[in-house]
Every structure is written in C-alpha cells, then in structure tokens.
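# Working through the structure, step by step
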Amino acid sequence: MITADQGSLVFEPLGDTAWRLCDTSVEVHDAARLVAYVERVSSNGGYEAVWLGLGIPPSMHPSREDVLRTAQLVRDTRSASTRSKPVPIPHRAPVISGWG
C-alpha cells in the first residue's frame, strides 16, 4: 500500500499503472471506503480518476498528487456542508398533510 500525505487517503495498487484511492477512516467492508479508481494514461502521461459515490464525473490530472488534492477538496467540501431545513419556494403553497 502506498500511503498519501492527505490524511486518511491512500493509494492501493491494482497493477503497474492502476490504483484504488481509499479512505482509511472508513471501515474496510464499507463501500464508502473506495473513493476513486485511478489509472495512468499512456497517451499523455496523466492520470484518469473515476470517482465513486461523489457525484462528480471522471477527471484527468497531471499527477497522482493532483488526484489527492482533488479528493481532499471534495471531502472538505462535503464535510463542510450542513443539512438544514429546505428553503421554501415562494410561489408554491405549503404541503398540507391529511385528507382534508
């Protein structure tokens, strides 16, 4: 396992040019542990990251360090997000429960 400087994110090798990016703060058997599949692209020497469960499309990066920075940024953004009461839509009447 190749550890990263981004806290709990680590690269786990799948071969010579492919890795899993995992979050070690998540339990081993939890699917959320897998953050991305990363593969070196021979045509341009960069790295393609296929993100899992983050709602972002695959992306190209000049280095694995850039993949780590992106993963950390996404994690920080998600952890800073707080759930709150939805903002009411002014042109819609509130939902009234019951059968009238």
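Look up a bit, the structure's there.
Note that the coordinates shown come from a computational prediction; the quantities given were computed from them, not determined experimentally. (Residues numbered from 1 in each chain as written. Predicted model: local features only at pLDDT ≥ 70, side-chain atom pairs only at ≥ 80, totals over all residues. Heavy atoms only, no water.)

### Looking at the overall build of the chain
- For the chain, the helix and strand inventory stands at 1 helix and 6 strands.
- Its helices and strands in sequence order give the chain the pattern β-β-β-β-β-β-α, from N to C terminus.
- In the chain, which comprises 100 residues, the share counted as buried stands at 33%.
- Taking all contacts inside the chain whose residues are at least 6 apart in sequence as the whole, residues at least 24 apart take part in 20%.
- For the chain, the exposed surface amounts to about 7,500 Å²; the carbon and sulfur share of it is 55%. (Helix = DSSP H or I, 4+ residues; strand = E, 2+ residues; numbered from the N terminus. Buried < 20%, exposed > 50% of the residue type's maximum accessible area, 1.4 Å probe, protein only. Contact = heavy atoms within 4.5 Å. Areas by Shrake-Rupley, 256 points an atom, 1.4 Å probe, with all protein chains shown as cover.)

### Comments concerning the environment of R64
- Locating R64 in the fold gives a position in helix 1 (residues 64-80).
- The spatial distance from the C-alpha of R64 to the C-alpha of R40 is 8.8 Å, given a sequence separation of 24 residues.

### Notes on the packing of aromatic side chains
- With the rule as written, the count across this model stands at 2 aromatic pairs.
- Both rings, one in F11 and one in W19, keep their centres 6.3 Å apart while their planes meet at 65 degrees; by these two values the pair is edge-to-face.
- By relative accessible area, W19 is classed as buried at 7%.
- Seen in terms of ring centroids, W19 and Y47 are 5.9 Å apart; in terms of plane orientation they differ by 50 degrees. Their pairing is tilted. Remark: Y47 occurs in strand 5 (residues 47-51) and W19 occurs in strand 3 (residues 18-23); sequence separation between them is 28 residues. As far as the burial class goes, W19 and Y47 line up, both buried.
- A cation sits over an aromatic face here: R64 above F11, 4.3 Å from the ring centre. (Phe/Tyr/Trp six-rings, centres within 6.5 Å; stacked < 30°, edge-to-face > 60°. Lys NZ or Arg CZ within 6 Å of the ring centre and 35° of its normal.)

### Let's talk about the pattern of salt bridges
- Across all of its chains, the model carries 2 salt bridges by this definition.
- Of the charged contacts in the structure, one is a salt bridge between R20 and E12, with a shortest N-O distance of 3.2 Å.
- Residue R20 is classed as partly exposed on the basis of its relative accessible area, which comes to 30%.
- When the shortest N-O distance is used, the salt bridge between D66 and R69 registers 3.7 Å. One end of the pair is D66 and the other is R69, both in helix 1 and 3 residues apart, which spans about a single turn.
- Here R69 falls in the partly exposed class, since its relative accessible area comes to 47%. (Salt bridge = Lys/Arg side-chain N within 4 Å of Asp/Glu carboxyl O.)

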